[in-house]
Amino acid sequence: CPPEVATLTEPLAVGEHAVAMATPEKDHVFMVVGLGPVGLAVIASLKARGLGPIIATDFSPERRAAAEKMGADVIVDPNQTSPHASWKAFGVPGNRGEAMMAAMQGISVKRPIIFECVGVKGVVQSLAKAAPAGTRNAPRQRRARSDKVARLNLDELHPTAGVALCAGIFGK
């Protein structure tokens, strides 16, 4: 196996494992934050399963271009706009009130899953604060050592937040 192919083994395995652990379904909308080798592997794994839409976001223009080539449906430059602004276009309610109103009207809504593929301190916390109600944070094997999800200050979230951190569910 050529070295340039062998070097893809670990990121592809991590991306595939993250998608498998998330147990994605057709009624999910996916956000991939961080479009390095692992983030691109997550996109490839989702697309191989016929799943989407996929919102992809990264500060790097080169990485955003690679995500587009991999099949991401929406590419977001976080310097220009919040990636969370893309949820509504795919039928993801912004909060629990919107979700309840849709349910009372018999309108089906999409469920969000975020794949955090950055590994930088504070990213998980900022995603949790901005995520729509009921968002699942797809598990990964590694996190930045200083990124302690359990130490997220719940007082900073909306007072009606339904946050079950052990299950990786965020909400406001």
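Calculation rules
- Residues numbered from 1 in each chain as written.
- Predicted model: local features only at pLDDT ≥ 70, side-chain atom pairs only at ≥ 80, totals over all residues.
- Heavy atoms only, no water.
- Helix = DSSP H or I, 4+ residues; strand = E, 2+ residues; numbered from the N terminus.
- Buried < 20%, exposed > 50% of the residue type's maximum accessible area, 1.4 Å probe, protein only.
- Contact = heavy atoms within 4.5 Å.
- Areas by Shrake-Rupley, 256 points an atom, 1.4 Å probe, with all protein chains shown as cover.
- pLDDT = per-residue confidence, 0-100.
- Polar contact = N/O pair within 3.5 Å; in protein donor to acceptor, adjacent residues only side chain to side chain.
- Phe/Tyr/Trp six-rings, centres within 6.5 Å; stacked < 30°, edge-to-face > 60°.

Undergrad: Run through the overall build of the chain, naming residues and quoting values.
TA: Within the chain, the secondary structure is distributed over six helices and six strands. Going from the N terminus to the C terminus, the chain shows its helices and strands as α-α-β-α-β-α-β-α-β-α-β-β. Relative to its full complement of 172 residues, the chain shows a buried share of 40%. Of all intrachain contacts in the chain linking residues separated by at least 6 positions in sequence, the fraction that spans at least 24 positions is 61%. Looking at the chain as shown, the accessible area adds up to about 9200 Å², and 58% of this sits on carbon and sulfur atoms.

Undergrad: Which residues make up the confidence of the model for the chain, and what values do they have?
TA: Scored by pLDDT, the chain has a mean of 81; 80% of the residues are at 70 or more. Confidence drops under pLDDT 50 across residues 141-172; counting only partners more than four residues distant or on other chains, this segment forms 69 contacts.

Undergrad: Can you explain the side chain of T57? Please cite residues and give values.
TA: Position of T57 relative to the elements: it lies in strand β2 (residues 54-57). Only 3.1 Å separates the side chain of T57 from the backbone oxygen of V76, close enough to count as a polar contact. Residues contacting T57, with those up to four places away along its chain left out, are V32, V33, G34, L35, V76, P78 and P83.

Undergrad: Tell me what's going on with the packing of aromatic side chains, and back it up with residues and numbers.
TA: All chains considered together, the criterion is met by one aromatic pair. Ring plane angle 35° and centroid distance 6.3 Å describe the contact between F30 and F115, whose orientation is recorded as tilted. With a gap of 85 residues between them, F30 in strand β1 (residues 28-33) and F115 in strand β4 (residues 111-116) connect regions that are remote in the sequence. According to the relative accessible area criterion, F115 is buried, its value standing at 1%.

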